[in-house]
Amino acid sequence: MTQHKQASSEDLEAFLAAVDGATPLPRPDRVSFEAPKPSPRPRQRERDEAAVLGELLHAPLAVDDWLDLGGADSFLRSGLPRTLLRDLRRGRWSIQNHVDLHGMNRHEAHEEVAVFLSESMAEGRRCLRIVHGRGNGSPGREAILRQLVKAWLSRCQDVLAFCHAPPCDGGDGALWVLLKAGGGRRR
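Criteria and cut-off values
- Residues numbered from 1 in each chain as written.
- Predicted model: local features only at pLDDT ≥ 70, side-chain atom pairs only at ≥ 80, totals over all residues.
- Heavy atoms only, no water.
- Helix = DSSP H or I, 4+ residues; strand = E, 2+ residues; numbered from the N terminus.
- Polar contact = N/O pair within 3.5 Å; in protein donor to acceptor, adjacent residues only side chain to side chain.
- Contact = heavy atoms within 4.5 Å.
- Pairing = 2+ DSSP bridges.
- Axes fitted to C-alpha atoms, helices over the stretch in contact; angles between N-to-C directions.
- Buried < 20%, exposed > 50% of the residue type's maximum accessible area, 1.4 Å probe, protein only.

(A) Inspection of the side chain of Asn-97 at higher detail. Here Asn-97 lies in strand 2 (residues 97–100). A distance of 3.1 Å separates the side chain of Asn-97 from the side chain of Ser-120, its partner in a polar contact. With sequence-adjacent residues up to four places away left out, Asn-97 is seen in contact with Phe-116, Ser-120, Glu-123, Arg-125, Cys-127, Leu-128 and Arg-129.

Right, dumping it as structure tokens:
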């Protein structure tokens, strides 16, 4: 630990004589060391995504939600080659994330699917499994979530394709979903 001692009057006079006539450096030539600024956050996009998620979760259930894609076993976004769906069915991509909707009502399941898709896109995961069940526990043993999940996925622009999983991976009670590329975090 260093101690600072007070300068004597003789030392002060000697210093002032030594710097007499010196010109101070101009301010603009000085380097200022500031902490780096934080990277910008896309706040408006975050607000927009939250608004869409809220709208999807709290919007009334339309009749089309019950009817759309109820019997369809697969989906392929228009303009994409059929080989994409064929490759998905054949298991070309490995499952990178999954969610199980067993025991959830339609509101809970809708929220869970929306959050699951959003998080998977943010993490750069493309091939997903959504287990919706076969409807054995539903009134009338109807697979209500199966129909709803297919309708929700078909409306999500990030979903390229989906199909029923093979029997060893859930069969009619699960879907394999393929998302767009490029949603992951930059490193």
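Read on for the rest.
(B) Quick look at the environment of His-98. Relative to the assigned elements, His-98 resides in strand 2. In this structure, the C-alpha to C-alpha distance between His-98 and Trp-176, residues 78 residues apart in sequence, is 9.2 Å. Ignoring anything within four residues of it in the chain, the contact list for His-98 reads Phe-116 and Arg-129.

(C) Quick look at the sheet that holds strand 1 (residues 74–76). Taken together, five strands build an open sheet; the order of strands is 1-4-5-3-2 and the sheet is mixed. Only two strands of the sheet have a single partner each, and these edge strands are strand 1 and strand 2. Looking at each pair of strands side by side, their axes are set apart by 20° on average, direction ignored. Bridging between strand 4 (residues 159–164) and strand 5 (residues 174–179) involves five bridges; their strand directions are antiparallel.

(D) Geometry of the environment of Gln-44. In this fold, Gln-44 is placed in helix 2 (residues 43–58). Looking at Gln-44, the relative accessible area reads 46%, which means it is partly exposed. Only 2.9 Å separates the side chain of Gln-44 from the side chain of Arg-47, close enough to count as a polar contact.

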